[in-house]
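# Survey of secondary and tertiary structure
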Amino acid sequence: MTEPNLTQPETQDQPANPFRNLRELVDYVSGRALPILTAEEGRVTESIPFPFLGIVGQHEMKLALLLGLINPNIGGILLIGPRGTAKTTAVRSLLGLLPQVVRSTCFYGCTPEDIEIGGLDAVCPDCAKKYGEGKPLTAPDKVRLIELPLNARLDDVVGTIDERAALHERMRVRRGILAQADLNLLYIDEINLLSDDIVDSILDASAQGSYTVRRGPVVASYRSRFVLIGSMNPEEGRLRPQILDRFGLRVIVRGLENIEERLEAYRRVQAYLSNPRQMIGQFTDEMEAAAAEIRIARERVRKVAIPDRVANPAIELVQRMGIDSLRAEITWFESARAYTAADGREEVEISDLAEVAPMALRLRRSHFMNEYFKGQIGEEKELSTLLDSFRKPRPRKKATRKK
Ligand SMILES: [Zn+2]
């Protein structure tokens, strides 16, 4: 019999093995958070995650996460559902699919753009020297998954000033989790349990793609372009409506309803527990193919356009739903562009918009936000009726002529 493989080699970036025992491994797989996090910084999770494609069912959740990888402009993804519905597993399983980006090689995050904007003083002395010698300040690197610890303080998130440290402004600020999250995925489990000031600072940075730390005379700005993924269990506390609105896509994650699916999910978890490498090996080819598709779609999405004949009726639908927030159509269009790119095309069709509409448009109206799930079923039905007529071209009204 093969022993479950609970040990993994430590790497420079990863301080500790996330599994200390089998119970934690089981919890990990069942989608529960493992709070072995330091308050110092978000943990970079680089273990051997459950293969993304091995997750049974949960079509919408998987689609939303993939769209987020393809087009970071969709503005974040919120997974809403009870415990044990594979939310955390799904997010961590993205590790096998993450594309590459070009990022700063410096601890302080200095980039050539900093120099273009602010001159050599805008970067640390090491980088200023490198730049002068014509050496690169950036290198290709994998997108990472940064998890925000639930016990994070505001200083951990935005960074703090080191009063004793030296001279150079950039070196006086201890980088926070938001700076580490630049060009990465930032995952916040149980976002509804975080304090308001932390959530606000994260959402502001997410919207602007940067943030500034001010402490007395010291001011430092950081890039913070990340795909925000939040998850929450509505039974454990509500999320302020204005926060809900700021997530691009909202996915309602329910338990698997089909008995066969549940059994298959159980079997895969069993296989993963008893021999994770072998289980993952069964999905390697597909995972590599999916990762390649994502890379191609990320390039293609820049070229994808939405013609007026498609955009106009979509905006009309948003208005008919009584949604005021402009974020509705921004998110809807951006996710449809990602969907179209994933399908290998460069022009968004009505059917692309219809496919991603529920994720982008649900829980947008203020009275629904206040009521959360209460109105959810009615809204889904209404939305699907509207989408039915949206898919079909509208019959033209016959001109009525008087004799
Ligand atoms: Zn530097």
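In short, a report on the structure.

Cut-offs used in this document
- Residue indices begin from 1 for each chain and proceed along its sequence in written order.
- Local features are withheld for residues below a pLDDT of 70 in this predicted model, meaning they are given only at 70 or higher, and side-chain atom pairs are given and counted only at 80 or more; totals for whole chains, interfaces and linings count all residues.
- The basis for every side-chain value is the complete set of heavy atoms in the structure, and neither hydrogens nor water enter the calculation.
- Working definition: helices are DSSP H or I runs of at least four residues, strands are E runs of at least two. Numbering for both runs from the N terminus.
- Residue burial is assigned from relative accessible area. The probe radius is 1.4 Å, only protein chains are included, and a residue is buried under 20% of its type maximum, exposed over 50%, and partly exposed in between.
- Residue contacts are counted whenever heavy atoms from the two residues lie within 4.5 Å of one another.
- Calculation of accessible area relied on Shrake-Rupley with a 1.4 Å probe; when residues are assessed, cover is drawn exclusively from the protein chains displayed.
- For Na, K and Ca the donor cutoff is 3.2 Å, while for all other metals N, O and S atoms must lie within 2.8 Å; water is not among the atoms, so some sites may look incomplete.
- Irregular is the default label, applied whenever a site is not tetrahedral (four donors, all angles between 85 and 135 degrees) and neither square planar nor octahedral (four or six donors, opposite donors over 155 degrees apart, all other angles between 65 and 115).
- Charged residues are defined here as Lys and Arg on the positive side and Asp and Glu on the negative side; His and the ends of the chain fall outside this count.
- Definition used for salt bridges: Asp or Glu carboxyl oxygen within 4 Å of a side-chain nitrogen of Lys or Arg.
- Polar contacts, as used here, are pairs of N or O atoms within 3.5 Å; protein pairs need one atom able to donate a hydrogen and one able to accept it. Residues neighboring in sequence count only if both atoms are side-chain atoms.
- Inter-axis angles, ranging from 0 to 180 degrees, are taken between N-to-C directions of lines fitted to C-alpha atoms, where helices are fitted over the stretch in contact.
- With respect to orientation, any angle under 35 degrees is reported as roughly parallel, any angle over 145 as roughly antiparallel, any angle of 65 to 115 as roughly perpendicular, and every other angle as oblique.
- Each crossing is labelled by how the near helix is turned from the far one, with a counterclockwise turn of less than a right angle marking it left-handed and a clockwise turn marking it right-handed.
- Charged residues are taken to be Asp, Glu, Lys and Arg, nonpolar residues to be Ala, Val, Leu, Ile, Met, Phe, Trp, Tyr, Cys and Pro, and polar residues to be all remaining types, Gly included.
- Aromatic pairs are defined between Phe, Tyr and Trp rings, using the six-membered ring for Trp, whenever the two ring centres lie within 6.5 Å; interplanar angles under 30 degrees are classed as stacked, those over 60 as edge-to-face, and all others as tilted.

## Re the overall build of the chain
- Scanning the chain from N- to C-terminus turns up 18 helices and 12 strands.
- Counting the 403 residues in the chain, one finds 50% classified as buried.
- Within the chain, contacts between residues separated by at least 24 positions form 77% of all contacts whose residues are at least 6 apart in sequence.
- Accessible surface for the chain amounts to roughly 20600 Å². Of this, 52% is attributable to carbon and sulfur atoms.

## Side note on the coordination of the zinc ion
- Every protein donor of the zinc ion is accounted for by C106 (SG), C110 (SG), C124 (SG) and C127 (SG), and the metal-donor separations fall at 2.2 to 2.3 Å.
- One can describe the donor arrangement at the zinc ion as tetrahedral, given that its 4 donor atoms subtend angles of 106 to 112 degrees at the metal.
- Coordination of the zinc ion draws on donor residues from a single chain, spaced C-x3-C-x13-C-x2-C in sequence. On the criterion of sequence distance, the pair formed by C106 in the loop between β3 (100–104) and α4 (112–118) and C127 in helix α5 (residues 125–132) is long-range, its members being 21 residues apart.
- On the basis of relative accessibility, which here comes to 2%, the residue C127 falls in the buried class.

## Remarks on the side chain of K62
- Inspection of the secondary structure puts K62 in helix α2 (residues 59–70).
- The buried charged residue K62 lacks any salt bridge, with E261 as its nearest oppositely charged partner at 8.3 Å.
- Leave out the neighbours within four places in its chain, and K62 touches F52, I55, V56 and G57.

## What to know about unusual backbone geometry
- One non-glycine residue, Q58, lies in positive phi territory at about 50 degrees.
- Take Q58: it is sitting in the loop between β1 (43–44) and α2.
- Backbone geometry places A86, a non-glycine residue, at a positive phi of 70 degrees.
- You can see A86 is positioned in the loop between β2 (77–80) and α3 (87–93).

## Some details on the side chain of D156
- Structurally, the position occupied by D156 is in helix α6 (residues 154–158).
- Take D156: its relative accessible area is 1%, and that puts it in the buried class.
- Among the polar contacts listed, one links the side chain of D156 to the backbone nitrogen of R153, at a separation of 2.7 Å.

## Brief notes about the pattern of salt bridges
- Scanning the model with the defined rule gives 26 salt bridges in all.
- Measuring nitrogen to oxygen at the nearest pair gives 2.7 Å for the salt bridge that ties R103 to D141. Of this pair, R103 sits in strand β3 while D141 sits in strand β4 (residues 138–142); the two residues are 38 residues apart in sequence, bridging distant segments of the chain. Judged on exposure class, the residue R103 and its partner D141 are both buried.
- Between D343 and R345 there is a salt bridge; the shortest N-O distance is 2.9 Å.

## Concerning the packing of helix α16 (residues 350–361) against helix α18 (residues 376–391)
- Where α16 meets α18, the closest approach of the two axes is 10 Å, and the angle between their N-to-C directions is 165 degrees. Relative to α18, the element α16 lies roughly antiparallel. Handedness of the α16/α18 crossing: right-handed. Residue-level inspection shows I350, L353, A354, A357, P358 and L361 of α16 in contact with α18, the latter providing E379, L383, L387, F390 and R391.
- Taken together, the residues of the contact of α16 with α18 break down into 9 nonpolar, no polar and 2 charged.

## Brief notes about the environment of I294
- Relative to the helices and strands, I294 resides in helix α13 (residues 284–300).
- Judged by relative accessible area, which is 4%, I294 ranks as buried.
- Sequence separation between I294 and A341 is 47 residues; the distance between their C-alpha atoms is 9.2 Å.
- Among all residues touching I294, those that are not within four sequence positions of it are L66, L69, I70 and L97.

## Some words on the packing of aromatic side chains
- In total, this model carries 5 aromatic pairs according to the counting rule given.
- Residues F50 and Y272 carry aromatic rings whose centres are separated by 5.1 Å and whose planes lie at 65 degrees to one another, so their mutual orientation is edge-to-face. Of the two residues, F50 sits in the loop between β1 and α2 while Y272 sits in helix α11 (residues 259–274), which places them 222 residues apart along the sequence. Summarising the burial analysis for this pair, F50 and Y272 share the class buried.
- Ring geometry for F107 versus Y108: centroids 5.1 Å apart, planes at 85 degrees, classification edge-to-face.
- Owing to a relative accessible area of 18%, Y108 belongs among the buried residues under this scheme.
- Taken together through their ring pairs, the aromatic side chains of W332, F333 and F390 make up a single cluster.

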